[in-house]
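Summary of structural features
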Amino acid sequence: PSTVLDILENTYKAQWGNINWEFEENESRVLLKKYIGESNEVVVPSNSNGKKIVLQDINTTIIPTRVIKFSVEPSENYKVGIEDNNLNFAFDGNSNLQEVDFRGLDTSNITNMEVMFRNCTNLRKANFSHIDMSKVVAMDYTFQNCQNLTDIDFSNTNASALSDTRHMFTGCKKLKIIDLRSFQLTNNAKCSNMFFVDDPSELLVLTNDIKIQSLNY
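Rules used throughout
- Residues numbered from 1 in each chain as written.
- Predicted model: local features only at pLDDT ≥ 70, side-chain atom pairs only at ≥ 80, totals over all residues.
- Heavy atoms only, no water.
- Pairing = 2+ DSSP bridges.
- Helix = DSSP H or I, 4+ residues; strand = E, 2+ residues; numbered from the N terminus.
- Axes fitted to C-alpha atoms, helices over the stretch in contact; angles between N-to-C directions.
- Core = buried A, V, L, I, M, F, W, Y, C linked by side-chain atoms within 4.5 Å.
- Buried < 20%, exposed > 50% of the residue type's maximum accessible area, 1.4 Å probe, protein only.
- Contact = heavy atoms within 4.5 Å.
- 1 Å grid on protein atoms, 1.4 Å probe; cavity = no way out; pocket = protein on both sides within 12 Å on 5 of 7 lines; lining within 4 Å.
- Points joined across faces, edges and corners; volume = space filled by probe spheres on them.
- Nonpolar A, V, L, I, M, F, W, Y, C, P; charged D, E, K, R; others polar.

1. Things to note about the sheet that holds strand β5 (residues 41–44)
The strand order across the open sheet built from 5 strands is β5-β8-β10-β11-β12, with neighbouring strands paired in parallel fashion. The sheet terminates laterally at β5 and β12 (151–153), the two strands that pair on one side only. Here the strands of the sheet are splayed against their neighbours by 5° on average, with no regard to which way each runs. As paired strands, β5 and strand β8 (residues 69–72) are joined by 4 bridges and run parallel to one another. For Val 43, the partnering residue across the bridge sits in β8 and is Ser 71.

2. Quick notes on the nonpolar core
Grouped together as the largest cluster of nonpolar side chains are 59 residues, with contacts concentrated most on Phe 117, Phe 143 and Phe 169. At the level of elements, β3 (21–25), β4 (29–35), β5, β7 (51–55), β8, β13 (159–164) and β15 (183–190) are the ones that each hand at least two residues to this core. Sequence-distant contacts of Phe 117, that is, excluding residues within four places in its chain, are made with Phe 91, Leu 97, Val 100, Phe 102, Leu 123, Phe 128, Thr 142, Phe 143, Gln 144 and Cys 146.

3. A short note on the environment of Leu 149
Mapped onto the elements of the fold, Leu 149 is located in the loop between β11 (125–127) and β12. On the basis of relative accessibility, which here comes to 0%, the residue Leu 149 falls in the buried class. For the pair formed by Leu 149 and Val 205, sequence separation is 56 residues and the distance between their alpha carbons is 15 Å. Setting aside residues up to four positions removed in sequence, Leu 149 forms contacts with Leu 123, Arg 124, Lys 125, Ala 126, Phe 143, Cys 172, Lys 174 and Leu 175.

4. So, the side chain of Thr 107
With respect to the helices and strands, Thr 107 occurs in the loop between β10 (99–101) and β11. Look at Thr 107 and you get buried, because its relative accessible area is 1%. Apart from the residues within four sequence positions on either side, Thr 107 is in contact with Ile 131, Asp 132 and Met 133.

5. Points about unusual backbone geometry
Peptide bonds are, in most cases, trans, and in most cases residues other than glycine have a negative phi. Positive phi is not limited to glycine here, since Tyr 141 has a value of about 60°. Locating Tyr 141 in the fold gives a position in the loop between β11 and β12. You can call Tyr 141 partly exposed: its relative accessible area is 26%. Backbone geometry at Asn 158 places phi at a positive 55°, although glycine is not the residue there. With respect to the helices and strands, Asn 158 occurs in the loop between β12 and β13. Residue Asn 158 is classed as partly exposed on the basis of its relative accessible area, which comes to 45%.

6. Here we look at the layout of surface pockets
A probe matching the size of a water molecule, rolled over the atoms, marks out where space remains unfilled. Put simply, the largest pocket is a space of about 260 Å³. For the lining of the largest pocket, a count of residues per class yields 12 nonpolar, 4 polar and 1 charged. Within this model, the second largest pocket holds a volume of roughly 150 Å³. If you trace the second largest pocket, you find it lined by Gln 144, Asn 145, Gln 147, Thr 170, Gly 171, Lys 173, Phe 196, Val 197, Asp 198 and Asp 199.

Purely spatial values, then, with no claim about function.
What follows is the structure in structure tokens.
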């Protein structure tokens, strides 16, 4: 990528120079446009010498499907931003993916998380804890057919605006316990087949939401 950007008719010299990413840099942020590194375990840095890191998006164009682990470096002082306002289809169809950790991600502008991990058949662990999900309205088909998913953490997420969770965990046959006490569905929420599997097995769902409590799973 180019290392010199013209900003407001002034020449700004990029400082980051990380060879693992295609990026654009200005005086206030580094925008990550595509992962081009060789590792199959991607860790997004929390900042660049105090400068904000922003992902253009999370999808299979930016994060290649060969990746087995995706995480954002946790930091007390920095959160990695996302330029887009939805994470629909983020890792859709990535059968290599095994683990994701979003704890260092700024999701305060995200409204949709639909079909994020559909057919990620080797996904085993997903950590959403302590991220801001207060504007997320749709998570339908998010984990559809994640048949090896066993560990998912939604603690302290404040998911209070959800209006669509249909088929969210359809086909997650190895999931035995899930804590959804941070979830609050809206009065008119669609939540049919939220936990549907072909061969029903024991599943413990921890929730304070009446609509989730009323589901047959």
